[in-house]
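# Inside the fold
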Amino acid sequence: MVDGWEVKRGLADAINDHDVHRLLDSFAEDAVFVSPVGLAEGHEQIAWVFEQFFKGFPDLHMTVWYEATGTDSPMMVEWTATGTHTGPFLLPDGRELEASGRRITLRGTCASFVENGKIVTHREYFDQLELYTQLGLHLSMDDPVHV
């Protein structure tokens, strides 16, 4: 029997190595990945999400600094990701943000449900506004409210 924490830690290692094939090996074929970026179902869509981050931040590194080892359903960790925006990064509206050279530090947490040695559901939580602000983006309103 495969230890779920071994799977979860293997996922973090694969992310830090930017190894999409090893990363996908952590997930069931029909796994569901939920994050502020959106919903990804299955290997192809999950790979696409991670490839966008690896392309925009070729030095992306995640440091797991807390593991809630008292439970394994779900397995929860807190992490900090760092990287430099040196490649194109896809924005929610479909535009690509060209490399800015800006450094990011992003805090987050994730919950994984593991069955039969594979992640079947993974939920990633981080503050998109924190990320976009560090990239030099700002909120704007298309139709400001007049008081």
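What counts, and at which threshold
Residues numbered from 1 in each chain as written. Predicted model: local features only at pLDDT ≥ 70, side-chain atom pairs only at ≥ 80, totals over all residues. Heavy atoms only, no water. Helix = DSSP H or I, 4+ residues; strand = E, 2+ residues; numbered from the N terminus. Rg over C-alpha atoms; globule rule 2.2 N^0.38 Å. Buried < 20%, exposed > 50% of the residue type's maximum accessible area, 1.4 Å probe, protein only. Lys, Arg positive; Asp, Glu negative; His and termini not counted. Charge placed at Lys NZ, Arg CZ, Asp CG, Glu CD. Pairing = 2+ DSSP bridges. Axes fitted to C-alpha atoms, helices over the stretch in contact; angles between N-to-C directions. Contact = heavy atoms within 4.5 Å.

### Focus: the overall build of the protein
Of the regular secondary structure elements, the protein holds four helices and eight strands. Taken from N to C terminus, the helices and strands of the protein fall in the order α-α-β-β-α-β-β-β-β-β-β-α. For the protein, the C-alpha radius of gyration of 16 Å lies close to 15 Å, the compact-globule estimate for 147 residues. Projected onto its principal axes, the C-alpha positions of the protein cover 60 × 35 × 30 Å. Burial statistics for the protein: of 147 residues in total, 41% are counted as buried. Here the protein carries 10 positive and 24 negative side-chain charges, and the mean point of each set is 5 Å from the other.

### Observations concerning the sheet that holds strand E1 (residues 27-35)
With mixed pairing, the six strands of this open sheet are ordered in space as E2-E1-E8-E7-E4-E3. The open sheet has two free edges, formed respectively by strand E2 (38-41) and strand E3 (61-67), since each of these has just one partner strand. Pairs of neighbouring strands in the sheet enclose a mean axial angle of 20°, with direction left out of account. Looking at chain direction, E3 and strand E4 (residues 75-84) are connected through six bridges and run antiparallel. From the neighbouring strand, Glu67 faces E4, where its bridge partner is Val77. In the packing of helix H3 (residues 42-56) onto the sheet, contacts are made with E1, E2, E4 and strand E8 (118-126), and the angle to E1 comes to roughly 50°.

Note that every value here comes from positions in space, so none of it alone points to a role or purpose.
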